[in-house]
Amino acid sequence: MSKRFKIIVVGGGHAAIEAALAGARLGFATLLVTMDRTKIGQMSCNPAVGGVAKGQVVREIDALGGEMARTTDRSGLQFKMLNRGKGPAVWSPRVQCDRFLYRQIMTDTVTRQQNLTVMEDEVKRLVVDGNKIVAIMTTNNGNIDTDVVILATGTFMNGKLYRGLESFDGGRMGEHPSIGLSDSLRELGIQVGRLKTGTPMRLAGTSIDYSRCQIAPGDDPPIPMSHFTSLITQRQLPCWMSRTTEASHEIIRKNLNRSPLYAGVIQSIGPRYCPSIEDKVVKFPHHAHHQIFLEPEGYDTDEVYVNGFHTSLPADVQDDLVRSVPGLAEAKILRYGYAVEYDYCPPTQLQLTLETKEIGGLYLAGQINGTTGYEEAAGQGLMAGINAVLKLRNEPPLILRRDEAYIGVMIDDLVTKGVDEPYRLLTSRSEYRLILRWDNADLRLMDYGRRVGLLSGAVYEQFSRYRGRVARAIRRCPEIDWNQSVEHIAMPFSPDLSTESSDVSLMDEGPWTESLVEKQVALTRKYWGYINRELMGAIRFRKMESRQIPSDFDYDAVPGFLNESRQKFKKIRPVSLGQAARISGVTPADINILMVYLERHRRLKEKSDHLPDGLRGKTM
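Since the model is a prediction, treat every value here as computed from it, not as a measurement.

A.B. asks: Looking at this structure, I do not really get the overall build of the protein. What am I missing?
C.D. replies: Along the protein, the regular secondary structure elements total 18 helices and 20 strands. For the protein, whose C-alpha radius of gyration is 25 Å, the value lies close to the compact-globule estimate of 25 Å for 620 residues. Projecting the C-alpha coordinates of the protein onto the three principal axes gives extents of approximately 85 × 60 × 55 Å. Looking at the protein as a whole, 59% of its 620 residues qualify as buried. Sequence-distant contacts in the protein: of pairs separated by 6 or more residues, those separated by 24 or more amount to 73%.

Here it is, written out as structure tokens:
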């Protein structure tokens, strides 16, 4: 094996996969280091992809040239569009997958990828020269030289598992944690914190009385997750619903002293939007029931995932708890639930490219940045991989704005605001959610995927014909007052139509069909007033983003800032006035002061640029 790679990715989960595939597909020798190559693409918790806001992210990954949606379509056993009863801004695709098939397909994709080498080993330390990454140190293969390292370690850094008052080391059940990497990061000046997550028990499907449960079918016909999938052909399976009872809640209340969370054994904070059943009962005592979903884990397994029943109570309590639920009186637990505590790095230490501010060439992606969910991780992994490649090419980075993608919303939130609990994407986090719909991710982002090099010319040509048809049809709508201010920011309307024939038809077999054109136009016409309002807001937002802040701007030289604002400006180092305004705790008055001094800085810079070389100096 070579002792040098241009890019090294550490991990084997969803962030690591997208980062490694991006680096390799864009032509760079890439090494994926994972502690167990048989677990590449493992769905550690829920065997599902997508959900509210998460489904939009998967579509965005797909539009940029990532892999998650395509594998989802090949392994999905139930497809469902969530929130159909609400407006299209919050419609979100979700797919229940065959856990084992998903992992098998992803492993095969990774191991067959040209330019990508998989090595089973543990990374103990990072090696730097000055403030730049130069190598990794592994347990079995020694030092391996590199220009870029992308850490996507999931829950494995100093991972510790909890069930009841017992604890044991592990990144997941049955897997060893990564020891030493956290200390190496601290030595390099990177702050490390602690977070928690958890998983529910798994049941034997043959032991469930489904007659006492409510069926939860998928969509018929199923809507593919990927833009590039024309039709889902595999057999679809139902999910089922039940609910907790007062007996369930009483069992939990009587055993809180045996819960690691409430006994004080676990000190770190868990995810707000995916709480344990103990948390639900304690924090929502007025709720008589809590809904749970029984979700099959695959076609060829009897294992059922109990969604909504996350717990770290002792095994005997979990036995009693399951039997208190309608339909589960005779249920057999195949695997008990547990909590996992792990190290993460507060993401305010990152640039918007996901490269660390302290160490050049070191990128972080996924749960190491404090996020939850496969989708959030995959989106970060893809962006870290793309930006690592662009840096190696000496090209400008790809930074998605908040009005362009949920991925942009997420990364901006992480880097600008930081996290004090595991971060989960929600549609409510976006100011532009009617623009950032699941159905127009291709219109928003495929230009970037093609520009970077992850989409082929043939695919992009077919997409361009589709976009041209959408644009022409929308421009003919009488209720839409067309103007140039909208044209330069609305992707469906922005292509150069002069080079395309207006009578070019699309293929009926997909993936982009005349039916999709009609749906896109109908939706735009129906909600144009709201869409136009968001577009106007996006124009104002872009003006704030265009006010760049020099990387060497001296905040200490500006009088009048509140101390808190000055400290946060120096910590975050915002790249624009817009990003500065989104920092938590920064006041509008401080933004006005910053705006005045940025204008002064700009004028002094312009004046300095006209001076002879020997007279030019620092302007601020």
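A.B. asks: Before we go on, may I ask you to explain the pattern of salt bridges in this structure?
C.D. replies: Pairing is possible between side chains that carry opposite charge, provided their charged atoms lie close to one another. Inspection of the entire model under this criterion finds 48 salt bridges. With a shortest N-O distance of 2.8 Å, Arg-272 and Glu-421 are connected by a salt bridge. Pair noted here: Arg-272 is in the loop between α6 (246-254) and α7 (277-283) and Glu-421 is in the loop between α10 (406-417) and α11 (441-452), with a separation of 149 residues, a long-range link. Between Arg-467 and Asp-447 there is a salt bridge, with the nearest N and O atoms lying 2.9 Å from each other.

A.B. asks: Which parts of the structure should I look at to understand the sheet that holds strand β14 (residues 214-216)?
C.D. replies: Within a beta sheet, neighbouring strands are joined by backbone hydrogen bonds and run either parallel or antiparallel to one another. Read across the open sheet, the six strands follow the order β14-β15-β16-β17-β13-β18; overall the sheet is antiparallel. What marks the edges here is a single partner per strand, and that holds for β14 and β18 (333-335). Strand-to-strand, the axes of this sheet are offset by a mean angle of 35 degrees, without reference to chain direction. Bridge count between strand β13 (residues 202-204) and β18: two bridges; the pairing is antiparallel. Of the residues in β18, the one forming a bridge with Leu-203 is Ile-333.

A.B. asks: For this particular structure, what's the right way to read the packing of aromatic side chains?
C.D. replies: Each aromatic ring pair is characterised by the separation of its centres together with the angle its planes make. Overall, the coordinates contain nine aromatic pairs when judged by the stated rule. Judged by centre distance (4.9 Å) and plane angle (40 degrees), the rings of Tyr-210 and Trp-240 are tilted. With Tyr-210 in the loop between β13 and β14 and Trp-240 in strand β15 (residues 239-243), the pair connects residues that are 30 residues apart, well separated along the chain. Here Phe-463 and Trp-512 contribute two aromatic rings whose centre-to-centre distance is 5.7 Å and whose plane-to-plane angle is 55 degrees, an arrangement assigned as tilted.

A.B. asks: It is not clear to me how the environment of Arg-84 should be interpreted in this structure. Could you clarify?
C.D. replies: Mapped onto the secondary structure, Arg-84 falls in the loop between β4 (76-82) and β5 (92-97). Its relative accessible area of 39% is what places Arg-84 among the partly exposed residues. Sequence separation of Arg-84 and Val-304 is 220 residues, and the distance between their C-alpha atoms is 26 Å. Setting aside anything within four residues of it in sequence, one finds Arg-84 in contact with Trp-91, Asp-219 and Ile-223.

A.B. asks: For this particular structure, what's the right way to read the nonpolar core?
C.D. replies: For soluble globular proteins, the rule of thumb is that nonpolar side chains tend to be buried together. Core analysis: the largest hydrophobic core is formed by 123 residues, its most contacted members being Leu-126, Ile-150, Leu-151 and Ile-407. Here this core gets 10 residues from one element, more than from any other, and that element is helix α9 (residues 374-392). Of all hydrophobic cores here, the second largest spans 23 residues; its members include Leu-203, Val-304, Val-322 and Leu-328.

A.B. asks: Could you clarify how one ought to interpret unusual backbone geometry in this entry?
C.D. replies: Working note: non-glycine residues mostly have negative phi, and peptide bonds are mostly trans. Cis rather than trans, the peptide bond between Asp-220 and Pro-221 has omega equal to 5 degrees. Phi is positive for Asn-115, close to 75 degrees, though the residue is something other than glycine. By the element assignment, Asn-115 lies in the loop between α4 (99-112) and β6 (116-120).

A.B. asks: What should I look at first to understand the pairing of β15 in this one?
C.D. replies: Each regular strand shows side chains that alternate between the opposite faces of the sheet. Among the five residues in β15, four count as buried, and that is most of the element. Sheet analysis places β14 next to β15, joined by three bridges and oriented antiparallel. When the bridges of β15 are listed, Gln-214 appears paired with Met-241. Judged from the four bridges that link them, β15 and strand β16 (residues 291-296) form a sheet pairing that is antiparallel. Following the sheet pairing, Trp-240 is matched in β16 by Leu-294.

A.B. asks: Sorry, what's going on with the sheet that holds strand β12 (residues 193-199) here?
C.D. replies: Across the sheet, which stays open at both edges, the four strands sit in the order β11-β10-β19-β12 with antiparallel pairing between neighbours. Lying at the two open borders of the sheet, with one neighbouring strand each, are β11 (166-169) and β12. The mean inter-strand angle of the sheet, taken between neighbouring strand axes irrespective of direction, is 25 degrees. Of the strand pairs in this sheet, strand β10 (residues 160-163) and β11 are connected by four bridges, and their pairing is antiparallel. Bridge pairing in β11 links Tyr-162 to Ser-167.

A.B. asks: Explain the packing of helix α2 (residues 54-64) against α9 here, please?
C.D. replies: Helix packing geometry: the angle between the two helix axes and the distance between the axes. Interaxial distance between α2 and α9 falls to 9 Å at its minimum, and their mutual angle equals 25 degrees. As far as their axial angle goes, α9 and α2 are roughly parallel. Relative to α9, the crossing made by α2 is left-handed. Facing α2, whose interface residues are Lys-54, Val-57, Val-58, Ile-61 and Leu-64, α9 presents Glu-375, Glu-376, Ala-378, Gly-379, Leu-382 and Met-383. By residue class, the composition of the contact of α2 with α9 is seven nonpolar, one polar and three charged.

A.B. asks: Explanation requested: α6 in the structure shown.
C.D. replies: Each turn of an α-helix holds 3.6 residues, which means side chains three or four residues apart point in the same direction. Residues Ser-248, His-249, Ile-251 and Ile-252 constitute the buried set of α6. The arc enclosing the buried residues of α6, seen along the axis, measures out at 155 degrees, which places them on a common side. Its buried side turned inward, α6 meets α7 and α8 (315-323).

A.B. asks: What should I look at first to understand the environment of Asn-115 in this one?
C.D. replies: According to the relative accessible area criterion, Asn-115 is partly exposed, its value standing at 34%. Here the alpha-carbon distance between Asn-115 and Ala-29, two residues 86 residues apart in the chain, equals 4.9 Å. Setting aside anything within four residues of it in sequence, one finds Asn-115 in contact with Ala-24, Gly-27, Phe-28, Ala-29 and Thr-30. Separated by 3.1 Å, the side chain of Asn-115 and the backbone oxygen of Ala-24 make a polar contact.

Definitions and limits used
Residues numbered from 1 in each chain as written. Predicted model: local features only at pLDDT ≥ 70, side-chain atom pairs only at ≥ 80, totals over all residues. Heavy atoms only, no water. Helix = DSSP H or I, 4+ residues; strand = E, 2+ residues; numbered from the N terminus. Rg over C-alpha atoms; globule rule 2.2 N^0.38 Å. Buried < 20%, exposed > 50% of the residue type's maximum accessible area, 1.4 Å probe, protein only. Contact = heavy atoms within 4.5 Å. Salt bridge = Lys/Arg side-chain N within 4 Å of Asp/Glu carboxyl O. Pairing = 2+ DSSP bridges. Axes fitted to C-alpha atoms, helices over the stretch in contact; angles between N-to-C directions. Phe/Tyr/Trp six-rings, centres within 6.5 Å; stacked < 30°, edge-to-face > 60°. Core = buried A, V, L, I, M, F, W, Y, C linked by side-chain atoms within 4.5 Å. Parallel < 35°, antiparallel > 145°, perpendicular 65-115°, else oblique. Left-handed = near helix turned anticlockwise from the far one by under 90°. Nonpolar A, V, L, I, M, F, W, Y, C, P; charged D, E, K, R; others polar. Arc of directions from axis to C-beta. Polar contact = N/O pair within 3.5 Å; in protein donor to acceptor, adjacent residues only side chain to side chain.

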